[in-house]
Amino acid sequence: MEKASLQQIQIGDPLNRVEGQLKVTGKAKYAAEYNLSGVTFGVMVTSTIAKGRIKSMDTKLAKKAPGVLAVITHKNAPEVPGYKAAVNNEGARVYGQEFRLFYDDQIHHNYQPIALVVADTLARANEAASMVKVQYEQETHHTDISRNLDQAIQPARPEDYSRGEEDAYLTAPVKVVHEYHTPIQVHNPMETHATTAVWEADNKITVYNKTQATKISQQEIMKAFDLKEENVQAHSPFVGGAFGSSSRLWPQEMAAILGAKVVGRPVQVVLKRDQVFNMVGYRPPSRQKVGIGASAEGKLIGITHEGYGITSRYEQFTERMMDPTKSMYHCPNLNAKYRLVPLDMSTPCWTRGPGETSGSFALESAMDELAYALNMDPLSLRMKNYADKDPENELPWSSNYLKECYKQGAERFGWQKRNPTPRSMRSGEWQVGMGMASGIYKAVRDRAVARAKLLSDGSVLVQSAVADVGPGSATIFTQIAADVMGTSIEKTRFEWGDSSLPHAPGQFGSHTTASVGSAVYDVCTALKQKIQELAVNQKGSSLQGAQATNVVFENASIRLKNGTTSLTYSDFLQQQQLPSLEVIKESDGGPLLEKYSGKSFCANFVEVRVHSVTGEVRVQRVVSAVDAGKIMNHKTAQSQVYGAVVWGIGIALMEEGLIDHRYGRHVNNDLAEYHVPVHADVPDIEVILIDKEDPVIDPMGAKGIGEIPLVGFTAAIANAVYHATGQRIRNLPITPAKLIS
Amino acid sequence: MKNFQYVRPTQQQAALETLAQDDKAMFIAGGTNLIDLMKRNVVLPEKLVDINRLPLRKIEPTSKGVRIGALASNSEVAEHPLIREKFPLLSQALISGASAQLRNMATVGGNMMQRTRCYYFYDAALPCNKRQPGSGCGALQGINSKHAIFGFSDKCIAVHPSDMCVALVALEATVLVTGPKGERQVPFKDFHRLPGEHPERDTNLEKNELILAVDIPASSFTQNVHYLKVRERASYAFALVSVAAALDLDKGTIRNARLAMGGVAHKPWRLMEAEKALVGKPVSEETFQQTAALAMQGAKAFEHNAYKLKLAPNAITQALKTAAGLS
Ligand SMILES: Cc1cc2nc3c(=O)[nH]c(=O)nc-3n(C[C@H](O)[C@H](O)[C@H](O)COP(=O)(O)OP(=O)(O)OC[C@H]3O[C@@H](n4cnc5c(N)ncnc54)[C@H](O)[C@@H]3O)c2cc1C
């Protein structure tokens, strides 16, 4: 008992990850590590053209190859009832007709899966897959956004927005207008997409998959196969990185399920690295134009932002490219236009800071350009145009500590020491530059349910279907539960990552903590209330008749505030003659949320060095100041910022999915040629967490932190490169080739 | 990937015979390049002859310099005291390559025999004369930002990816090979080939030959050397352009020089004219810029690699300056 009191955990403590030991000792099981009895291996054959139809497919050799159990194609695939159903765009997360695996002979994009070869070993499945011979009837394809801008459409779910006068920047005393380009970026988590699927005789499907949302997996499988909820289970407690790429059901899940149905044994499908580039989502490239006008004193007068993204021909994937522009600054006149270019590509997918990351590169680069046009400090320009309510809708902020981010970030970074003149700072052969940018990202909350159980040993078990793809959610939910219940970490257990647990939204959009955290908070609060009710009504109990305000919960026990009497949770259950006590609670934000605009904020400060002879860029140091509400766990929160900064370095300096448009095919689709930062690219990162409660969004005071530090970050690097070299690179990534030319 | 047989002989003769018996057999050393190529169906051996048990791992001084066994790992060579002291250029080049894990597995022989990283070579669905003679060169009109500016042909514009080989060609190493016709020595500059009409052949190693060792003659290039590698991230990336520069200085005058480039041609690109021009010149930025200009004669760019026409001479000047202690 004393021990428990010593180890009382509170919200905010930098607790180590509860699953950390499992992960570092290799005991955490990932989707392709379920060696179920009789498991077989499926390998996908993918198309080598971007558009057309399959004229013929010769699978004879493959079928005869040793160990092969089945070759599944559009000719023989089991029927998927959901594929025949009419498209219903009402609730669909992406508008349009989802990709249908092995449905017909049509080729919609390169690397489209066209067959699954199932064999008793992976090696045999691989070899047999290479024996499938395909003949195509090829049609002209288009995969280049730049050459197809004239084909752009207004998406069915428009993102356009305006306030005040249109194109007001044009007549402003000082103005800048430029185009900004960002390339395709691919999530490229270390763990490639994988699924082990089981189809039991009574139409019961279990998938061990890689997902950010077990409930979404479950519902999409139910829909596809027309099955009831109790017939479908998705299990995914450990995910080796996802970043948005596992937020919907993909071909590897469908293939494994279909394979399992055909061979009557579990089937495991793991995508190869090259297959990940054009099958399971990517960040669409963008072509943007930003015009900003201001008064001579630097008051913004008008912003015009036009952006083009791409989508497939079967779905309209839209992202929030315009969001930062709408809300970041006080600016009376603003118009934003967003268009999609449908191409012969697979559908893109949400990618960390989806839309905001690309959009803010343009906006925050343009703000920097405006600062130079005004001969004004870039930070002062931003402070001057601080918005004290959300200019998009005039709603008050739920909380906003952006000014604190600016202030503390600038102080820590030493922004005052910066010589404002470009090319003015040097260290030997390296040109030194400093840049900054602001960021804004929605902080919202969704419906979530949690179950809490008080167990006979006095410990607490809390459950939710939520995924933990790496940010540390399971840890902070354990922490919230322990804090509310007054239990030690050892006596608090959180279970997650399975669709049979209470409903949770997907782990994306930086809203897991606010949504599921609230449900955990609320259900534990409800459990306490139930304990209290039962305890005070118990005849002969030392707590009989006590007022709710007069009891405290600590050290895994309940006691009277002023008294010394206390009743441990396990004694309480015994008194009640209960084996355990369970509460389920559904939580949502309620109507209050609609009266406020919830956002997280950040200010990033970056110092770069650019080699004057070779054009190599090295990020020298980073200060990232973040307002993400109250911090639930300083360690995991800081790691989220580190991760975002590393992403930002990658996007700014190296990431680029290259397509040879003659073939409509990615060419640098492995990790040797698609570069992400290595350790040597990552400098000292100083994280400032403002750590102030948001009074509106959830009872813990938290906002989201997974994406906010990335918003604007790439512009901070580009701005620093400009300051170092006088070269404005408006076309990511910023490579030696561009700087030297 | 195609399934294959696997043998692991302990005798050199047995290894050579096993290879010769089977047209589709290949040697495997560290496997860091070959396995990748097999996984992507670029090469499809039916038998792998693992040579790791052959006694070819030694690094020893010889009367003329040093002999490095073909199976010595890239890390062993880079960190060997003799190499660090007498051939620091080689050590620097090796350390700039790949990652620590790869260097631990990669061997000297494998490094010399590694294939190009040209995108079109790596994707069996795209044309490539090197992978499939007669299918065309995908890079010529395609994405050629990493490609050659020297010595290419209309059949192939790929570059050789090795860092180690750039240092070895500068140090005038010799390759000791053996095969059905016995042992022979190949000067390093003649080991790799230009693509010409036959880009499918990277080297002059004959069918069924085995690399035994590399000999490097002792030289005076022990102090003023520098391997400069320009790349798109700080580590673990192939060179956009690299330069191996070695100077033998007599106070402020250049007595002798060696210069080679990587990332610019189908083979490690030795710059003999430029080397000659350096001899007798004073150490100065001007000298090095002139050398760089001379080295670039005949360079030609494609659609996406024009930056190399500027980056390469910059890198040469920079490498020479660093070697001379000017930078
Ligand atoms: C991600 C990545 C990054 C890399 N970055 C770099 C880099 O920056 N710089 C660089 O220089 N290299 C780089 N490399 C390449 C690396 O150096 C080579 O893969 C390695 O040197 C090959 O050696 P190995 O022993 O593994 O060869 P293997 O893969 O075993 O063999 C390669 C070829 O050599 C043949 N072979 C091997 N030994 C002999 C022999 N004794 N006689 C005849 N033939 C033989 C094999 O048959 C095979 O064809 C990188 C590789 C990877 C995967």
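Reading the values: the criteria
- The numbers attached to residues start from 1 for each chain and follow its sequence in the written order.
- All chains are assigned letters beginning with A, and all ligands numbers beginning with 1, in the order in which they are written.
- A pLDDT threshold of at least 70 governs which residues receive local features in this predicted model, and a stricter bar of 80 or more applies before side-chain atom pairs are shown or counted, although totals over entire chains, interfaces and linings include all residues.
- As a convention, hydrogens and water are excluded, and side-chain values are obtained from all of the structure's heavy atoms.
- The helix and strand labels rest on DSSP assignments: H or I over at least four residues marks a helix, E over at least two residues marks a strand, and numbering proceeds from the N terminus.
- Atoms considered for the radius of gyration are the C-alpha atoms alone. The globule rule reads 2.2 Å times the number of residues to the power 0.38.
- Buried residues are those whose accessible area, probed at 1.4 Å on protein chains only, stays under 20% of the maximum for their type, while exposed residues exceed 50% and partly exposed ones sit between those limits.
- Here the Shrake-Rupley method, with its probe set to 1.4 Å, supplies the accessible areas, and only the displayed protein chains count as covering residues.
- The positive count covers Lys and Arg only, the negative count covers Asp and Glu only, and His and the chain ends enter neither.
- For the purpose of locating charges, the reference atoms are NZ of Lys, CZ of Arg, CG of Asp and CD of Glu.
- We call a residue near a molecule or strand whenever a single non-hydrogen atom of that residue lies within 4 Å of it.
- By the criterion applied in these results, polar contacts are pairs of N or O atoms within 3.5 Å in which, for protein atoms, one can donate a hydrogen and the other can accept it, and in which residues neighboring in sequence qualify only through two side-chain atoms.
- Asp, Glu, Lys and Arg are counted as charged, while Ala, Val, Leu, Ile, Met, Phe, Trp, Tyr, Cys and Pro are counted as nonpolar; the rest, among them Gly, fall into the polar class.
- For the purposes of this description, domain bounds are those given by an automatic or database domain assignment.
- We call two residues in contact when some of their heavy atoms are within 4.5 Å.
- Defined in terms of a 1.4 Å probe, buried area is the accessible area two parts forfeit on being brought together, summed over both.
- By definition here, a salt bridge exists when the distance from a side-chain nitrogen of Lys or Arg to a carboxyl oxygen of Asp or Glu is within 4 Å.
- At least two bridges found by DSSP between two strands are what make those strands a pair.
- Inter-axis angles, ranging from 0 to 180 degrees, are taken between N-to-C directions of lines fitted to C-alpha atoms, where helices are fitted over the stretch in contact.

1. Focus: the overall build of chain B
Thinking step 1. Scanning chain B from N- to C-terminus turns up 13 helices and twelve strands.
Thinking step 2. The C-alpha atoms of chain B give a radius of gyration of 19 Å, which matches the 20 Å a tight globule of 327 residues would have.
Thinking step 3. Each principal axis of the C-alpha distribution contributes one length, and for chain B these read about 60 × 50 × 35 Å.
Thinking step 4. Looking at chain B residue by residue over its 327 residues, the buried ones come to 58%.
Thinking step 5. For chain B, the computed accessible surface area is about 13,100 Å², with 50% contributed by carbon and sulfur atoms.
Thinking step 6. The distance from the centre of the 40 positive side-chain charges to the centre of the 30 negative ones in chain B is 2 Å.

2. Thoughts on the site of the ligand
Thinking step 1. In the neighbourhood of the ligand, 35 residues make up the surrounding shell, with F27(B), G31(B), T32(B), T107(B) and D163(B) lying closest.
Thinking step 2. Mapping the residues near the ligand onto chains gives chains A and B.
Thinking step 3. G31(B) is positioned with one of its backbone polar atoms (N or O) 2.6 Å from an oxygen atom of the ligand.
Thinking step 4. Taking A98(B), its main chain carries an N or O atom lying 2.9 Å from an oxygen atom of the ligand.
Thinking step 5. For the ligand, the protein covers 95% of the area, taking 970 Å² as the surface of the free molecule.
Thinking step 6. At the level of secondary structure, the elements contributing two or more residues to the shell around the ligand comprise β2 (25–28), α2 (34–39), α7 (108–113) and β8 (210–217) of chain B.
Thinking step 7. Residue contributions to the shell around the ligand peak at four residues, all from α7(B).
Thinking step 8. For the shell around the ligand, the per-class residue count stands at 19 nonpolar, twelve polar and four charged.
Thinking step 9. Composition of the shell around the ligand by domain shows at least three residues from each of domain 1 (1–49) and domain 2 (224–324) of chain B.

3. Brief notes about the interface of chain B and chain A
Thinking step 1. Counting from both sides, the interface comprises 36 residues of chain B and, opposite them, 40 residues of chain A.
Thinking step 2. Buried surface at the junction of chain B and chain A, summed over both partners, amounts to about 3,100 Å²; 54% is from carbon and sulfur atoms.
Thinking step 3. Together, Y119(B), E232(B) and R233(B) form the three largest contributors to the area buried by chain B at its contact with chain A, with a combined 21%.
Thinking step 4. Taken together, the connections running from chain B to chain A amount to five salt bridges.
Thinking step 5. Between K146(B) and E673(A) there is a salt bridge; the shortest N-O distance is 3.7 Å.
Thinking step 6. Taken together, chain B and chain A are joined by 13 residue pairs in polar contact (both at pLDDT 80 or more).
Thinking step 7. For the side of chain B that touches chain A, the secondary structure elements donating two or more residues are α8 (119–122), β9 (224–230) and α13 (307–324) of chain B.
Thinking step 8. Residues that form the side of chain B that touches chain A fall into these classes: 16 nonpolar, nine polar and eleven charged.

4. Some details on the sheet that holds strand β25 (residues 566–568) of chain A
Residue and element names in this part refer to chain A.
Thinking step 1. Read from one edge to the other, the open sheet built from three strands follows the order β23-β24-β25, with strand pairing classed as antiparallel. Every other strand in the sheet has two partners, leaving β23 (551–554) and β25 as the edge strands with one partner each. Between one strand and the next, the sheet's axes are offset by a mean angle of 20 degrees, whatever the strand orientation.
Thinking step 2. With three bridges joining them, strand β24 (residues 557–560) and β25 adopt antiparallel strand pairing.

5. Observations concerning the sheet that holds strand β14 (residues 286–294) of chain A
Residues and elements named next belong to chain A.
Thinking step 1. In space, the five strands of this open sheet follow the order β8-β17-β15-β14-β9, with mixed pairing throughout. Each edge of the open sheet carries a strand with a single partner, namely β8 (161–163) and β9 (174–182). Within this sheet the neighbouring strands show an average axis-to-axis angle of 10 degrees, counted without direction.
Thinking step 2. With eight bridges joining them, β14 and strand β15 (residues 300–311) adopt antiparallel strand pairing. Bridge pairing in β15 places K289 opposite E306.
Thinking step 3. Against the sheet, helix α10 (residues 356–374) makes contact with β9, β14 and β15, and its axis sits at roughly 150 degrees relative to β9, the strand it touches most.

6. Focus: the domain arrangement of chain B
Thinking step 1. With domains assigned, chain B is organised as domain 1 (1–49) and domain 2 (224–324).
Thinking step 2. Just the C-alpha atoms count here: the centres of domain 1 of chain B and domain 2 of chain B sit 37 Å apart.

7. Notes on the pairing of strand β21 (residues 460–463) of chain A
All names here are of chain A.
Thinking step 1. Alternating residues of β21 divide into V460 and V462 and L461 and Q463, and every residue in both groups is buried.
Thinking step 2. Note that strand β20 (residues 448–455) and β21 share four bridges and pair antiparallel. In the strand pairing of β21, A452 is matched with V462.
Thinking step 3. Hairpin connection of β20 to β21: four residues between the antiparallel strands, including G458 at a positive phi of 85 degrees.

8. Digging into the side chain of Q316(A)
Thinking step 1. As for its placement among the helices and strands, Q316(A) is situated in strand β16 (residues 315–316).
Thinking step 2. Once residues lying within four places of it in the same chain are set aside, the contact partners of Q316(A) are V94(A), Y95(A), I153(A), P155(A), A156(A), R157(A), T311(A) and L340(A).

9. What about unusual backbone geometry?
Residue and element names in this part refer to chain A.
Thinking step 1. Put simply, L732 and P733 share a cis peptide bond, and its omega is -5 degrees.
Thinking step 2. In this structure, P733 sits in the loop between α17 (713–725) and α18 (736–740).
Thinking step 3. One non-glycine residue, F243, adopts positive backbone phi at about 60 degrees.
Thinking step 4. Within the secondary structure layout, F243 lies in the loop between β12 (232–235) and α7 (251–263).

10. Let's talk about the environment of I68(B)
All names here are of chain B.
Thinking step 1. Tracing the backbone through its elements, the reader meets I68 in strand β5 (residues 65–69).
Thinking step 2. Judged by relative accessible area, I68 falls into the buried class, the value being 2%.
Thinking step 3. Along the sequence, I68 and L94 sit 26 residues apart, while their C-alpha atoms lie 14 Å from each other.
Thinking step 4. If we skip the residues at most four places from it in the chain, I68 touches K58, I59, V77, I83, L90, V108, L212, A213, V214 and I216.

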